[in-house]
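Structure assessment
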Amino acid sequence: GESVGLHLPTLSVQEGDNSIINCAYSNSASDYFIWYKQESGKGPQFIIDIRSNMDKRQGQRVTVLLNKTVKHLSLQIAATQPGDSAVYFCAENKGGSYIPTFGRGTSLIVHP
Amino acid sequence: EAGVTQSPTHLIKTRGQQATLRCSPISGHTSVYWYQQALGLGLQFLLWYDEGEERNRGNFPPRFSGRQFPNYSSELNVNALELEDSALYLCASSFGTSGETQYFGPGTRLLVL
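Summarised in this report is the structure supplied together with it. A quick note: this is a predicted structure, and the numbers were derived from the prediction, not measured.

**So, the sheet that holds strand 1 (residues 5-7) of chain B**
Residue and element names in this part refer to chain B.
- With respect to topology, four strands assemble into an open sheet ordered 1-3-8-7, the strand pairing being antiparallel. The sheet is open, and its two edges are formed by strand 1 and strand 7 (64-68), each paired on a single side. For this sheet, the mean inter-axis angle between neighbouring strands, taken without regard to orientation, is 20°.
- Bridge analysis of strand 1 against strand 3 (residues 19-24) gives three bridges, and the strand direction is antiparallel. Within the sheet, the bridge partner assigned to Gln6 lies in strand 3 and is Cys23.

What follows is the structure, given as C-alpha cells:
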C-alpha cells in the first residue's frame, strides 16, 4: 500500500508485482522531466526521461507516463525486484532553465 | 566511461571549521552543479558552474562558495561550519546547455560535530 506522513511516501510491493510511482509537478511551463533512483547512501541515478512533446516513453522494465493536463508524471516498474528498493524522485525542468526542480521522492520497498 | 566522481566520501568536522569537497564531472561535461541533501529532505540547489564561472546560486549563505577549474572539476567550500550543515553533498554534471540531464556523483557525507 501507499502512505503519506511526516516521512517520505512509501510504496510497499511484493517481488514480481508491477509498481507505479507518482509525481505531481508544479510548473505548467516545464517541458523536460526526469526520474532518478537513489539507493541508501548513494547518489541519484538517472533512470529515464521524457520531454513534453511525448506522453509515454519506455525503457528496460520502466515506463514513464506524462499527463500535462493535470501536471502528473508516473513511473511504472514492471516485475519489481528487491534491487529496485530505493527512493525514486522526479525532476522537472522549465524550458530554458538549467536548474531542475526536484520532488521529495517516494520510498519503494520490495518484499521478496 | 567514468561517471561523476566526488571526494572524500565522508568528512567529519567540528563547528566553526571549514570543509572542502571536490568533484570531477563526466568527460565532455562543462557544467557542474552542487546540491545539499539533508536527511529525509529533497535536493536543495546550492551552486552551478559552467566554463569556470558561477552561473547561479541557490538560497544559501555566502559561507557556501566554490569554484570551477580549467579542467571543469569543481570545489565546494563551506566556511564556519554549523551543525545543520551536516548532509549529503551531491555534485552533478551535464553538457552546458539548458534542459540537459544532470548525472550525479556518489556524494560526500559531511558530519559536523
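Next comes the rest of the account.
**As for the side chain of Asp84(A)**
Residue and element names in this part refer to chain A.
- Along the chain, Asp84 turns up in the loop between strand 8 (72-77) and strand 9 (86-94).
- Polar contacts involving the side chain of Asp84 include one to the side chain of Arg61, which spans 2.9 Å.
- In terms of polar contacts, Asp84 uses its side chain to reach the backbone amide nitrogen of Gln81, at 2.7 Å.

**Here's the deal with the interface of chain A and chain B**
- Contacts between chain A and chain B engage 20 residues on the former and 22 residues on the latter.
- Interface area for chain A against chain B, summed over the two sides, is near 1600 Å², with a carbon-plus-sulfur share of 59%.
- Scanning the region where chain A abuts chain B turns up zero salt bridges.
- Listing elements by their share of the side of chain A that touches chain B, those giving two or more residues are strand 4 (30-38), strand 5 (45-51) and strand 9 of chain A.

**A word on the state of the cysteines**
All names here are of chain B.
- All told, the structure shown has two disulfides over all chains when counted by the stated rule.
- Note on cysteine connectivity: Cys23 is disulfide-linked to Cys91, with sulfurs 1.8 Å apart. When the S-S torsion is -60°, as for the bridge of Cys23 with Cys91, the disulfide is left-handed. Linking Cys23 in strand 3 with Cys91 in strand 9 (residues 87-94), this pair joins segments that are 68 residues apart in sequence.
- For Cys23, a relative accessible area of 2% corresponds to the buried category.
- Accessibility expressed as a relative area gives 0% for Cys91, which makes it buried.

**Thoughts on the pairing of strand 9 of chain B**
Residues and elements named next belong to chain B.
- By the criterion of burial, strand 9 is predominantly enclosed, with eight of the eight residues buried.
- The alternating pattern of strand 9 places Ala87, Tyr89, Cys91 and Ser93 on one face and Leu88, Leu90, Ala92 and Ser94 on the opposite face, and all of these are buried.
- Relative to strand 9, strand 4 (residues 31-37) runs antiparallel, the two sharing seven bridges. Residue pairing for strand 9: Tyr33 is matched across the bridge by Ala92.
- Pairing of strand 9 with strand 11 (residues 108-112) involves three bridges; the strand directions are antiparallel.

Rules used in this analysis
- Residues numbered from 1 in each chain as written.
- Chains lettered and ligands numbered in written order.
- Predicted model: local features only at pLDDT ≥ 70, side-chain atom pairs only at ≥ 80, totals over all residues.
- Heavy atoms only, no water.
- Pairing = 2+ DSSP bridges.
- Helix = DSSP H or I, 4+ residues; strand = E, 2+ residues; numbered from the N terminus.
- Axes fitted to C-alpha atoms, helices over the stretch in contact; angles between N-to-C directions.
- Polar contact = N/O pair within 3.5 Å; in protein donor to acceptor, adjacent residues only side chain to side chain.
- Contact = heavy atoms within 4.5 Å.
- Buried area = accessible area lost by both parts, 1.4 Å probe.
- Salt bridge = Lys/Arg side-chain N within 4 Å of Asp/Glu carboxyl O.
- Disulfide = S-S within 2.5 Å.
- Buried < 20%, exposed > 50% of the residue type's maximum accessible area, 1.4 Å probe, protein only.

Any link to function would need more than the numbers given here.
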